[in-house]
Amino acid sequence: MKVRKIAVIGAGVSGLGAIKSCLEEGLEPLCFEKSNDIGGLWKYEETPEDGRPGIYKSLTSNTSKEMTAFSDFPFPDHYPNYLHSSRMMEYLRMYTRHFGLMKHIKFLSKVCTVRKCPDFSSSGQWDVVVEADGKQKTYIFDGVMTCSGHYTEKYLPSQDFEGIQKFRGSYLHSWEYKHPDDFVGKRVVVIGLGNSGADVAGEISRVAEQVFLSTRQGAWIWSRVWDHGNPMDATLFTRYNRTVEKFIPTFLLNRWAENKLNARFNHANYGLQPKHRIFSHQTVFSDDLAKHIITGRVLMKPNVKEFTATSAIFEDDTEEEIDAIVFATGYSWTFPFLEDDSGILDSQRSLFKFVFPPQLEKPTLAFIGMVQPAGAIIPTSELQSRWVVHVFKGLKILPSESDMMADIKRRRKKMAKESVRSPRKTRRVQYIDYMDEIASELGVKPNLLSFLLWDTKLAKEIFYGPCTPYQYRLQGPGRWSGARQAILTQRDRILKPLRTRALTPSGSPSSGPLWETLKSGHPWIYKSLISNTSKEMKGFSNYPFPNHYLKYLHYSRMMEYLRMYSRYFGLMKHVQFLPHKKRYTISFPGSEGSRSGLSQTTSPKESPACRQPKLGLLGLHCHVSQLR
C-alpha cells in the first residue's frame, strides 16, 4: 500500500502543521477549508457562520509564545509573550508563507462526507465529497487527516434551565459574543466558569451595571504571570519540575498548587473554590477575575435554578433582575462529515493516543488536535502530524487492535481515578508526558544523557529550562539545524518584549502631576475609576463606610458616601458651588503664595469656597480664593 495523496480537513493551526508535515515527507497534501482564510479559531470574524469557530475581539492566548510556537519556526523576538488573536494570525501567515503552504489549500470548500472506498480493506483509500461553488466533487485520497477542531459546534443546554422560554431579555452563546458594546448599562448573568466565561464576564463588567457569574462547581484560577513576572507555563513546564513531581504524592502536589493560588487571593472568600482538587479538573486562566470580584463588578453566584421573564433564580434561592444571559457552556465534539460507522469511531470515540481509531483495517485516518493538553495545542498537534505521516508511509507501525484498545482502557482507568467526571476530561493530558509519548513513537524524544556528554550547556537548558517545542527537532526524523540555537536563546526572546524602557539610575520623581491635571480646569476622571485603597483604610475617622459596600469602590459609590457624610454632619450649607466660570487661584496649606491661572469664571455675586466633592474624591485639601 503506497500512500501519496493526503486530504487535510481544516486550515487552522492543526491543519497548517499537518500540511507542513506531509510536505516534509514527500507526500501530496490537499487541504479543504470551508472559510476564505487560514487561522481557524484565531481568525476573528464579526459575524461567523455556523460550523466555524467564533472568538471575541479581545481574545489573547493562554500559553506563552515560546511554548506555543511551531517546533522549527520561533515567534519573532519582539512579539509579546502572550499574543492577541491578531498577532497569532500574523504569525500563522508568516509560517504559511515561509513553508509555501498556501498553494496546497482550497478555500471555500466544505467537506460533506468522508467514507471508505469499496476496496478499503486492501487499499486503505477514502472517498471525500467536497462542495465548492455550489457543486459537489468526489476525490479519492490515500489518507485523511482531520484537523477541524472542537470549537465550532456550540453547546447550548437551554433545556437544563427551566423558564428560559419565558425570559424576555436576550441570550446568546459565548461563540456569538464579540465585544461588550451590547451590554452597556445592563444586568448580565454569565453561565459557565471556563476560560471564556471568566474573560467575557470580566470584559462585560467594565460597561454593564452588574455582572453575575454563575458556576456549578467553581474553579481554580491561574494567572498567566508567575513568580518574578515570568510566563507561567515557561516557568512550570520544565523537565526538572516534571521529574520532581513524579516522586511527590498527588495530594501534596495539589496542596502546593492550591496554596500557591490562594496566596494570590483566597478562592473560598471569593466564592470560587471548587470541591475538586486542582489537578483533577480543567483549570481556568484569568489575570483579572479577582480584581473584578473585589471591586464588585462581578458577583459570583451558584448555578441557575430557573429563569423568570425578567430575572434569574439561583440554587441558593436568591433572585436577581437581569437583562441578558451569556452561555459560556462550551462546545460539542462532532464530525458531521464522517459516516455513522462504528467501524470508524465507536460510541466512546476511542482513539489510540487520541489520534488513530483502532478499529480500522488500515491506519489511514487520523484525528489531529482533538486532545486537551495542559499546555499549547500548536506543538502538540504538530508532533501528532509528524507521527501520523510516518504511520501513513509505513515507516512506523501501530500495535494490533487489541493492544491499542488495551492502551485506551488503561488510560481511561487512570484518568477516571485522577479526574473529575467531565466530557472533556477524557481528552486531558499532561503536556510534557504526552509530548514525550508521541515523540518516543516517532523517535524524536531528546536523549538527555547523550546531550549531557557532548553538549552540557544544551543539556542543562533542556532539563532546567522551559520544555519548548524546539527540543523535538534536535534529533531523529525532521531534525532542524536551528533547534539548538532556538533553545539557547529562548530566554532572550521571553525578556526582549518586556524590556522596552532603558533603565537609568533613579533620580528625583517628577513633580506636580495633580497640578497639571488641575491646570486645564477641574479634575476629570474616567467613568470606570475605582479607588486604590480599601474602604476601611479610606473612611473618615468617625464615619465608617456601610458594611455592604465593596472593599474597593467605584467613584459613584464614593460619591454616595461623601453625600451621606455631608448630609449627616450638615456640611452642605457651608459650601457654595460654581455654576458659572471665573478665574480663581488655588493655594496649598503650608506653602508660600498661590498658584494662579486656573481658568474658571463665576458670577460676581458668588464666591467659591472649594470645588464640588470631586476634589475630595481625589484627596486634595485646598483653599480657593477669588481673583478680584
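Note that the coordinates shown come from a computational prediction; the quantities given were computed from them, not determined experimentally.

What am I meant to see in the sheet that holds strand E11 (residues 210-214) here?
Sheets are built from strands paired through backbone hydrogen bonds, the pairs being either parallel or antiparallel. A sheet is described by the order of its strands in space; here five strands give the open sequence E9-E18-E10-E11-E14, paired in parallel fashion. Since the sheet does not close on itself, it has two edges, and those belong to strand E9 (170-173) and strand E14 (298-301), each with one partner. Put simply, the sheet's adjacent strands are angled 20 degrees from each other on average, direction ignored. Relative to E11, strand E10 (residues 187-191) runs parallel, the two sharing five bridges. Counterpart to Ile-191 in the pairing with E11 is Ser-214. The strands touched by helix H5 (residues 195-205) are E10, E11, E14 and strand E18 (324-327); relative to E11, the strand with the most contacts, the crossing angle is about 170 degrees.

Looking at this structure, I do not really get the environment of Trp-333. What am I missing?
The residue Trp-333 is located in the loop between strand E19 (331-332) and strand E20 (365-367) in this model. Classification of Trp-333 by relative accessible area gives buried; the value is 14%. For the pair formed by Trp-333 and Gly-149, sequence separation is 184 residues and the distance between their alpha carbons is 8.4 Å. Trp-333 has contacts with His-150, Arg-349, Leu-351, Met-370 and Arg-427, leaving out every residue within four places of it along the chain.

I'm lost on the packing of aromatic side chains in this one. Help?
What describes a pair of aromatic rings is the distance from one ring centre to the other and the angle between the planes of the rings. Counted by the stated rule, this structure contains 41 aromatic pairs. Taking the centre distance of 5.9 Å and the plane angle of 80 degrees together, the rings of Phe-32 and Phe-141 count as edge-to-face. Of this pair, Phe-32 sits in strand E2 (residues 28-32) while Phe-141 sits in strand E6 (residues 135-141), placing them 109 residues apart in sequence. Seen from their ring centres, Phe-356 and Trp-387 are 5.2 Å apart, and the 90 degrees between their planes marks the pair as edge-to-face. One end of the pair, Phe-356, is in the loop between E19 and E20; the other, Trp-387, is in helix H10 (residues 377-392), with 31 residues separating them in the sequence. Across this residue pair, the class does not change: Phe-356 and Trp-387 are buried. Of the aromatic side chains, those joined through ring pairs into one cluster are Phe-540, Tyr-543, Phe-545, Tyr-549, Tyr-561, Tyr-565, Tyr-568 and Phe-569. When the ring centre of Tyr-82 is taken as origin, the NZ or CZ atom of Arg-224, which lies over that ring, is 5.9 Å away.

Quick question: what am I supposed to make of the environment of Tyr-139 here?
Residue position: Tyr-139 is located in strand E6. For the pair formed by Tyr-139 and Val-128, sequence separation is 11 residues and the distance between their alpha carbons is 5.1 Å. When neighbours within four sequence positions are excluded, Tyr-139 is seen to be in contact with Leu-30, Phe-32, Lys-106, Trp-126, Asp-127, Val-128 and Val-130.

So, how was this worked out
- Residues numbered from 1 in each chain as written.
- Predicted model: local features only at pLDDT ≥ 70, side-chain atom pairs only at ≥ 80, totals over all residues.
- Heavy atoms only, no water.
- Pairing = 2+ DSSP bridges.
- Helix = DSSP H or I, 4+ residues; strand = E, 2+ residues; numbered from the N terminus.
- Axes fitted to C-alpha atoms, helices over the stretch in contact; angles between N-to-C directions.
- Contact = heavy atoms within 4.5 Å.
- Buried < 20%, exposed > 50% of the residue type's maximum accessible area, 1.4 Å probe, protein only.
- Phe/Tyr/Trp six-rings, centres within 6.5 Å; stacked < 30°, edge-to-face > 60°.
- Lys NZ or Arg CZ within 6 Å of the ring centre and 35° of its normal.

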